[in-house]
Structures are given as C-alpha cells and as structure tokens.
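# Summary of the model geometry
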Amino acid sequence: MTTNAPRFWRCIPQRYNLIGTHCRSCGEYIFPPRNLCPTCRRVAELEEYRFKGTGTVITHTTIYNATEDFERQTPYDLAIIQLDEGPRVTGQIVSCPEVKIGMRVRPVFRILGKEGDRGIIYYGTKFAPLADFSYESEKSLSKK
Amino acid sequence: MRSVSIIGVGCTKFGERWESSLRDLVAEAGVIAIDDACIVGEQIDALFVGNMSAGRFVGQEHIGALIADCAGLSRRHIASTRVEAACASGGLALRQAVLAVASGYHDIVIAAGVEKMTDVSAGTAADALAAAADREWECFVGATFPALYAMMARLHMRRYGTTHDQMAMVAVKNHHHACMNPIAQYHAELSIEDVNRSPMVADPLHVFDCSPISDGAAVVVIVPTEMARSFVDTPVRIVGSSQGSDTLALHDRRDLTTLDSTVIAARSAFRQADIEPWQVDVAEVHDCFTIAEILAIEDIGFVEKGQGGRVVEEGITALSGELPVNTSGGLKACGHPVGATGIKQVYEIVLQLRGEAGQRQVDEVEIGLTHNVGGSGGTAIVHILTR
Ligand SMILES: [Zn+2]
C-alpha cells in the first residue's frame, strides 16, 4: 500500500501521542479524535484529550503471515487494548515473551513500519507490559 | 412493496481461472442464468453488480457499464450499477436489485457478483483485501484480516471454551460438502490433523482455517412474484432481505465475539419473512475463516451465543444434520471470489429449494437463508428464500 506523506503527517499527533477527543456533553472519551461525538452528534462539546496510554489487553494474536509492509517483522504480536479511559485501540505488543488476555500495558514510541525498500519510515505507538505485570480478570473486564 | 422472486441462477466454476478474464467470468455466469430464467437479454430492465476491488485486482473500475457491455446490452442503455461492501458486495447487489423490483421501478433485474483475484500477486491481493478493514487504525499498525478474526477466535475460546479442533471441524465439514459440488474450488477431503498441521497464519488460525483467493462470478435474475410463473415453473420467493452495519474497526465494537450487523440483519429478515430461525432448513453463511461460521450460526440466532463450536462438533450443521450449513462448501472450500460470494450463496440455496443440488441435496427443503459479511462485520446482509 503506497501512502503519500501528507496522509501520514496528518495523523502524527494521534499516532505519536495518542491524542483523542473528550466529549464534555456526555463524558465519553474517543480515540482516534473525531469532530462529531457518536453519542451527542451535533450538540457535542468536544475538547482535545491526550490519553494516558495505559490499558488492558482484551484479546491478541501472533501474526506469522503479514502484508508486504510488515513481512520483515514477522512473527509479531497484535492486540486489542482497552485504554483506561474507555476506548479500545489495535496495536502491537513488544518486549513481552507471552501476551495474555487481561495483561496491563503502557505505550511505547516505536518504528511502526517502512514502505518498500526506499519508502518512508513511519513511527507510532506500540504497547509493552507495565512493569508490575499485573493482570485484570476477564470478569472485571466484561463489566466495563 | 411488491413480492420478489428469483427465476434464474448461474455460477461459474470457482478457483484459479487463469484462462478467464473478469469479462469472461461475468458473461459465462450471465448466459447460464438468463437461459435458466427463460428470458432473452432484451427483456432485462436493470443490472446490479457486486464487486469489491476490480480497481486493485485488474486495474479496472466502472464495472457497471462494463458488465452491461459484456452482457451485450450496451445498445439498450439500461441502468447498470456497481455496488461495493467489501466481501458483502454480492449480497448487497441482490438487495439493491430486490429494492428496485419491490418498489416497482423495474421488473426484470439482474443481480451479479464477480471478482477476478489471481491476476495479482498474493501480497497485492492481501493488501487489496485489507482495504476492507480500517486502513488508518488497524492495517497501519500491522493488522491483517486473519489477525482480526484470530482475535475474535481467541476471545471466543477464552469465554466459551471453544476449541481449535471445533474450528477445524468447520473446515473439514465444508471441504466434505465441496467434494460434492462441481463448481467448488477444492475437491479434496481435509482432516482435523491437516488443519492443525498447516502453517500458522495468525494464532490460533492456520492456513486451512482461511478461505482462499479465487476467481468467479455468479448471477441471479429476479422479477415480481406475480410475473414469475409466466417464465418458469419453479420460482423461488425472496421473503426476507435485510442489511446491517457496524463500526469499520473491530476494536470499536460493542462485543468482540458478536457481529451486531449480523444480529440486526438476521432479526429484521426473520421479521419480514415472519418465521423463526429454527424453521430454516438449510443455510449458506459467511465462513471467510472457520471461526466466522461459528460466530455466524450464533449471531443469526440458530444457536445460543457460545454454543457454536459445540454444535459443529455434534454434527448438527453437517449435510446429514438438523441444520446443514454451507452445503456448497462455503467460502472455505467452494472458494471466495469476494464480490461473487454473496450471489453464489443464493445460487446454492436456489438449487437446494428446487431439489437440484445433486449429491449434496438436503431432504425436504422449504426455507433457506444466506448470510454475507463485509470485512470483519462492518456490513452484514441476510436473505431468506422459500419455494
Ligand atoms: Zn458526547
């Protein structure tokens, strides 16, 4: 997939710093940022919000067979993470011998990928285990 | 709204059709369907074609006009429309055709589906398919389609005790069905061990948990029910046609083990048809991955949430079971030319309802259902058909 640079630069604040949106009308935290709250729509009062980036692994996989841009990284771990403020994101898990559901993670700034052999290198957020390796039980997660 | 019936169906053989172009495939399926419907091309009022990505696969867009041209209808200047909803493009084409006839705008309408996928490398095909996911927030961080379904599978296993062997049994069953289907891509039995021993793609999904890259086309002809018997003796009525949508990204869904788009589409189709899920005799569901068939039979309402794996293991969805699922071989073994799949599902159910499904014929079929999904569940389309 050929991505031209503006398409990537446009998203740099979100990708580097997990900048999203907070809706003051309903209290919802939204990632990636939107200019329309899915709950309040037109009457929403939106503000920029920087997510803490800590969260919990909801589910995960190890990818052995990737698209061309990610082929050189295989195998790598991918997870859906529930950020502590509520929204979920998809991201790679690094520095972790065994990913588990319920695992607590924190954001790390990493090279996400490279396009082709001479393509642009792009950066973004991956996730690594929180130092204390604490786990949340599936029960407490499903209540959220 | 007028009642709508299917009077003709046609489908090409699915598989690596190196000798055939996209145009050849559509023409091949179209001729069979038009003959089957006992109409001539001049009678066709409008045409809808489901196609996901001819732009990426063969460098050709504007498929609506192309298909009308291939069908020899360019001089009649009929309305010809391409629709796209990723892997649900075929189901969507039928639904648009149904709306056009039901509303009274058109009488004799073609719904087609086509995809020509083997003209590009496997990597290019994978990237074209990945466009059905959220490019910015899934693909950009390294997600692939198998990975998204693998993450659904992992959570389903954790919550409901579903096993990989149960998923493998979906592949084993569908390969068995495909052996009896002349148009299927694969005519080879598969064992649970074969699935387990095949290379891992995205843990827990192996190569044989995934549907293949395929070429193929399928076509159905629909008319108002009141006109149907003037063409053929065994029309098939469309008694439910429904569509649901959901977030593009998997991570934004209410529940990662449920396709709410399917739940909504199925519920609404059953309401239209005024039947209950248990009354369905045979179903074609969207098994792009083995776990997807387990999710589908739960979300359509055939079985309770979490019971899908157990039901497969008990043989209930086998050809000899109470509710045969994917008698065509499904996407898994019949093949998955994405735009054609939704129409091929209808082709199979029509054969079953007419009693023309040969060795894979189910006894006493009165009601059949098709279920077509786009992406990881951003779109779902359900049709209910009866004799
Ligand atoms: Zn709001």
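Quantities reported herein were computed from a predicted structural model and do not represent experimental measurements. (Residues numbered from 1 in each chain as written. Chains lettered and ligands numbered in written order. Predicted model: local features only at pLDDT ≥ 70, side-chain atom pairs only at ≥ 80, totals over all residues. Heavy atoms only, no water.)

### Here's the deal with the interface of chain B and chain A
Rule in force here: A contact between two residues is defined here by any heavy atoms of the two lying within 4.5 Å. Summed over both partners, the accessible area (1.4 Å probe) lost when two parts come together is defined as the buried area. A pair is scored as a salt bridge if a Lys or Arg side-chain nitrogen falls within 4 Å of a carboxyl oxygen belonging to Asp or Glu. Polar contact criterion, stated in full: a pair of N or O atoms within 3.5 Å, where within protein one must be able to donate a hydrogen and the other to accept it, and residues adjacent in sequence count only if both atoms are side-chain atoms. Secondary structure is summarised from DSSP: a helix means a run of H or I of at least four residues, a strand means a run of E of at least two, and numbering begins at the N terminus for each.
Counting residues at the interface gives 32 residues for chain B and 35 residues for chain A. Between chain B and chain A lies a buried interface of about 3100 Å² when both sides are counted; carbon and sulfur atoms form 59% of it. Looking only at chain B, the three residues that lose the most surface to chain A are W137, F140 and M151 of chain B, adding up to 25% of its buried area. Taken together, chain B and chain A are joined by 1 salt bridge. Ionic pairing is found between R15 of chain A and E136 of chain B, a salt bridge with its closest N-O pair at 2.8 Å. Applying the counting criterion to the chain B and chain A interface returns 12 residue pairs in polar contact (both at pLDDT 80 or more). Elements with a contribution of two residues or more to the side of chain B that touches chain A: α5 (122-130), α6 (145-160) and β5 (200-202) of chain B.

### Let's talk about the domain arrangement of chain A
Residue and element names in this part refer to chain A. Stated precisely, the cut-off is as follows: By convention here, the domain bounds are inherited from an automatic or database domain assignment. Residue type decides the class: Asp, Glu, Lys and Arg count as charged, Ala, Val, Leu, Ile, Met, Phe, Trp, Tyr, Cys and Pro as nonpolar, and the leftover types, Gly among them, as polar.
Examined at the domain level, chain A breaks down into domain 1 (14-51) and domain 2 (53-144). Contact with domain 1, which involves 8 residues of that partner, is made by 10 residues of domain 2. Taken as a group, Y16, L18 and F51 account for 58% of the area that domain 1 buries against domain 2, more than any other trio of residues on that side. Counting the contacts that link domain 1 with domain 2 gives 3 residue pairs in polar contact (both at pLDDT 80 or more). The residue inventory of the side of domain 1 that touches domain 2, partitioned by class, reads 7 nonpolar, no polar and 1 charged.

### Comments concerning the coordination of the zinc ion
Worth spelling out the cut-off: Donor atoms are limited to N, O and S found within 2.8 Å of the metal ion, a distance that becomes 3.2 Å for Na, K and Ca. With water left out, some sites might look partial. Square planar and octahedral sites, with four and six donors, are those where opposite donors lie more than 155 degrees apart and all other angles lie between 65 and 115, tetrahedral sites have four donors with every angle between 85 and 135 degrees, and the rest are irregular.
Those donors, C23 of chain A (SG), C26 of chain A (SG), C37 of chain A (SG) and C40 of chain A (SG), are the protein atoms that reach the zinc ion, and they lie 2.3 Å from it. Coordination geometry of the zinc ion: the 4 donor atoms subtend angles of 105 to 114° at the metal centre, consistent with an arrangement described as tetrahedral.

### Some points on the pairing of strand β7 (residues 215-224) of chain B
Residue and element names in this part refer to chain B. Going by this rule: Throughout, exposure labels follow a simple rule: accessible area from a 1.4 Å probe, protein chains only, divided by the maximum for the residue type, with under 20% read as buried, over 50% as exposed, and the rest as partly exposed. Between any two strands, pairing holds if DSSP finds at least two bridges.
Along β7, 10 of the 10 residues are buried, which leaves the element largely enclosed by surrounding structure. Bridge analysis of strand β1 (residues 4-11) against β7 gives 7 bridges, and the strand direction is antiparallel. Bridging across to β7, S5 finds its partner in V223. Here strand β4 (residues 109-116) pairs with β7 via 8 bridges, running antiparallel. Looking at the pairing, A112 lines up with V219 of β7.

### Some words on the packing of aromatic side chains
We count it as follows: Aromatic contacts are taken between Phe, Tyr and Trp rings whose centres are within 6.5 Å, Trp giving its six-membered ring; a plane angle under 30 degrees counts as stacked, one over 60 as edge-to-face, and the others as tilted. As a reminder, the over-ring test applies to NZ of lysine and CZ of arginine, requiring each to be within 6 Å of the ring centre and within 35 degrees of the ring normal.
Under the definition given, this model contains 11 aromatic pairs over all chains. Between R15 of chain A and the ring centre of W137 of chain B, over which it is positioned, the NZ or CZ distance is 4.8 Å. For the cation-ring pair, R15 of chain A lies above F140 of chain B, with the distance from its terminal atom to the ring centre recorded as 3.9 Å.

### Considerations on the sheet that holds strand β1 (residues 19-23) of chain A
Residue and element names in this part refer to chain A. Pairing is antiparallel in the open sheet, where 3 strands are placed in the order β2-β1-β3. Looking at strand neighbours, the two that pair on one side only are β2 (29-30) and β3 (46-50), the edges of this open sheet. In terms of strand pairing, β1 meets β3 through 5 bridges, oriented antiparallel. When the sheet's bridge partners are listed, H22 is paired in β3 with E47.

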